[in-house]
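# Structure assessment
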Amino acid sequence: MATQEPFTLRWGILATGWIASVFAKDLLTSTSAPGRNATDVRHIIQAVGASSSQQKATDFIKKIGAPESTTAYGSYDELVNDPNVDIIYVATPHSHHFAHTLLALNAGKHVLCEKPFTVNAAQTKILIEKAREKGVFMMEAVWTRFFPLSYEIRKLVQDGTIGEVRRVWSDLSLAQNPEETYGPGDEHRMVNRDLAGGALLDIGVYSLLWIWQTLYHLDPARPKPEVSASVQKYRTGVDAEATVLLHFPTSTGIASTSLRIDTDPNNTGLPCARIQGTKGEIQISHPAYKPESYTIVIKGEEEKRVEKKIEGQHGMAWEADECARCIRDGKKESEVMGLEESLAMMEVLDRVREIGGVKYPDSIETTQV
Ligand SMILES: NC(=O)C1=CN([C@@H]2O[C@H](COP(=O)(O)OP(=O)(O)OC[C@H]3O[C@@H](n4cnc5c(N)ncnc54)[C@H](OP(=O)(O)O)[C@@H]3O)[C@@H](O)[C@H]2O)C=CC1
Ligand SMILES: O=C1OC[C@@H](O)[C@H](O)[C@H]1O
């Protein structure tokens, strides 16, 4: 019997910063690594684009250990117009996701764009319209949604293991001593208004993820929640801390995030999220972006802890595999992380910023490029 060749996806990496290198290294890992099970697809890093110089792209290619044949570009424009590239991975700061994704879409490329999708919902809406007009695949890179652990937890909830879910509580707080870490110029993307900094858009999205994939994604009615929030600002005007209350028809989500306190100060195994149902709950291990275990706590029963150690990759290969399979199958969006979900999440983020008075400069809130 003839074995089928794996589907090959040729990536263009747009930006050479921290997460671009992590993602690109994961693309180079073995598809048969433990827990991966992706021998039906294959990834090639076809090209890398740096914003300022070709040398930067060449250095990046060397650093991540990609083949020397990988093309290095000194501009994003050249990268997105490379006819040998199928999909662009956008890994620039939040402020630039809209413009860079649009650039790739206009060149007819599929796109995987880092979280948060854009600065605001209006920008996301335009990207969705453009992707549909161009007939290409697009997805927000919410990598945690593709962990086997996330699939398992969604299934447990769907199967009614913890009864009817009434509340999801979730936190991602990473005490970063921002004044020292990102000062004195406050230029770092985490606190810089011009780069759409702040806790909410950078790490708060992971707290929201656990609520979203439980109370929104799993409900076929896709109920848009009422949003309340409390926001503490940083000296640059972005949020240093945010707590969000999401009122769904029959359940509540409580998400919090902070750059000043820690979810698990001594790494003693405090959970980052609790999905609470009428029979019991599922506790997810910190950090919310990369949990590697969870515990099922059912009233009157012995607790069950499930380990899901991530091996052979950082954890970003699963989302890449999803892109490859969707594109192979002619899908324009993922069923696990769909575009309408990204848009609804951006609307929540908009509302929290509105309540908290966090406004970014017009130059990055704009829907014009
Ligand atoms: N999924 C995840 O786990 C993570 C996701 N992220 C997301 O990835 C994005 C990038 O984060 P990270 O890699 O930490 O950021 P970095 O600052 O490390 O890298 C950003 C890169 O973007 C490019 N760039 C283009 N324009 C600008 C600009 N005006 N200012 C600064 N950089 C610019 C630069 O690359 P060059 O000049 O070479 O083109 C730069 O190296 C963010 O949106 C963040 O939310 C970040 C960390 C983890
Ligand atoms: O996406 C992310 O996950 C890990 C965090 O450390 C980082 O700031 C954020 O961008």
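Taking an unreviewed UniProt entry as the reference, the chain is identified by name as D-xylose 1-dehydrogenase (NADP(+), D-xylono-1,5-lactone-forming) belonging to Ascobolus immersus RN42. According to its UniProt record, the chain has this under Catalytic activity (unreviewed entry): "D-xylose + NADP(+) = D-xylono-1,5-lactone + NADPH + H(+)". Of the comments in the UniProt record for the chain, the one headed Sequence similarities (unreviewed entry) reads "Belongs to the Gfo/Idh/MocA family."

Relative orientation of the contacting elements helix α4 (residues 97-106) and helix α5 (residues 121-134) amounts to 10°, with a least axis distance of 10 Å. The orientation of α4 relative to α5 falls into the category roughly parallel. Touching F98, T101, L102 and L105 of α4 are Q123, L127, K130, A131 and K134, all from α5. By residue class, the composition of the contact of α4 with α5 is 5 nonpolar, 2 polar and 2 charged.

Turning next to the environment of Q158. Its location among the elements puts Q158 in helix α6 (residues 148-158). Separated by 60 residues in sequence, Q158 and L218 place their C-alpha atoms 7.2 Å apart.

Close to ligand 1 lie 23 residues; T16, G17, W18, A50 and S51 are nearest. Ranked by residues supplied to the shell around ligand 1, first place goes to helix α1 (residues 18-27) with 3 residues. Its residues placed into classes, the shell around ligand 1 shows 11 nonpolar, 7 polar and 5 charged.

As a further point, take the UniProt feature "domain: GFO/IDH/MocA-like oxidoreductase" (unreviewed entry) in the chain. Using the residue numbers shown here, the UniProt feature "domain: GFO/IDH/MocA-like oxidoreductase" (unreviewed entry) corresponds to residues 152-282. Counted over residues 152-282, helix gives 22% and strand 33%. Its end C-alpha atoms are 11 Å apart.

If you trace the backbone, K309 turns up in the loop between β14 (304-307) and α9 (317-328). When the C-alpha atoms of K309 and E292 are compared, they prove to be 5.1 Å apart, with 17 residues separating the residues in sequence.

This brings us to the UniProt feature "domain: Gfo/Idh/MocA-like oxidoreductase N-terminal" (unreviewed entry) in the chain. Feature annotation in UniProt assigns "domain: Gfo/Idh/MocA-like oxidoreductase N-terminal" (unreviewed entry) to the following positions: residues 10-139. Helix makes up 38% of residues 10-139 and strand makes up 22%, while its end C-alpha atoms are separated by 16 Å.

The subject of this paragraph is α9. The first and last C-alpha atoms of α9 sit 16 Å apart over 12 residues, in line with the 16 Å expected at 1.5 Å per residue. With 9 of its 12 residues buried, α9 lies for the most part within the structure. Buried residues belonging to α9 abut β1 (7-14), α1, β2 (41-49), β4 (87-90), β5 (110-114) and β6 (138-141). Two residues or fewer after α9 comes G330, characterised by a positive phi angle close to 75°.

Looking now at the domain arrangement of the chain. In terms of domains, the chain is made up of domain 1 (7-144 + 317-337) and domain 2 (148-309). Computed over C-alpha atoms only, the centres of domain 1 and domain 2 are separated by 26 Å. Taken together, the contact pairs 9 residues of domain 1 with 12 residues of domain 2. Of the residues contributing to the side of domain 1 that touches domain 2, the split by class is 4 nonpolar, 4 polar and 1 charged.

This brings us to the sheet that holds β1. Each strand in a sheet pairs with its neighbour through backbone hydrogen bonds, running either in the same direction (parallel) or in the opposite one (antiparallel). Strand order in the open sheet formed by 6 strands is β3-β2-β1-β4-β5-β6, with parallel pairing between adjacent strands. Strand pairing shows two members of the sheet lacking a second neighbour, β3 (71-73) and β6, which therefore form its edges. Going from strand to strand, the sheet's axes swing by 25° on average, the running direction of each strand aside. Pairing geometry for β1 and β2, over 8 bridges, is parallel. Each bridged residue has a counterpart across the sheet, and for G12 the counterpart in β2 is A47. Contacts between α4 and the sheet are confined to β1, β4 and β5, with β5 contributing the most and set at about 170° to the helix.

What follows deals with the sheet that holds strand β12 (residues 280-285). In space, the 8 strands of this open sheet follow the order β8-β9-β10-β7-β11-β12-β13-β14, with mixed pairing throughout. Strands at the two margins of the open sheet, each flanked by one partner only, are β8 (226-233) and β14. Across this sheet, the average inter-strand angle for adjacent strands is 10°, counted without regard to direction. With 7 bridges joining them, strand β9 (residues 239-247) and strand β10 (residues 252-258) adopt antiparallel strand pairing. Following the sheet pairing, T243 is matched in β10 by S256. On top of the sheet, α6 reaches β7 (165-173), β11 (271-277), β12 and β13 (293-298); it is set at about 15° to β13, its chief contact. The strands touched by helix α8 (residues 199-216) within the sheet are β7, β9, β10, β11 and β12, with β7 carrying the most contacts at an inclination of about 160°.

A separate point is the pairing of β11. With 6 of its 7 residues buried, β11 lies for the most part within the structure. Direction of pairing for β7 relative to β11: antiparallel, over a ladder of 5 bridges. In the strand pairing of β11, W169 is matched with R274. Pairing analysis gives 5 bridges linking β11 to β12, with the strands arranged antiparallel. Across the sheet, residue P271 finds its bridge partner in β12, namely S285. Between β11 and β12, which pair antiparallel and follow one another directly, the connecting turn spans 2 residues.

So, how was this worked out
Residues numbered from 1 in each chain as written. Chains lettered and ligands numbered in written order. Predicted model: local features only at pLDDT ≥ 70, side-chain atom pairs only at ≥ 80, totals over all residues. UniProt positions renumbered as here; feature names shortened; annotations may be inferred. Axes fitted to C-alpha atoms, helices over the stretch in contact; angles between N-to-C directions. Helix = DSSP H or I, 4+ residues; strand = E, 2+ residues; numbered from the N terminus. Parallel < 35°, antiparallel > 145°, perpendicular 65-115°, else oblique. Contact = placed C-beta atoms within 7 Å. Nonpolar A, V, L, I, M, F, W, Y, C, P; charged D, E, K, R; others polar. Near = placed C-beta within 6 Å. Expected span 1.5 Å × (residues − 1). Buried ≥ 20, exposed ≤ 12 C-beta atoms within 10 Å, placed from the backbone. Domains from an automatic or database assignment. Pairing = 2+ DSSP bridges.

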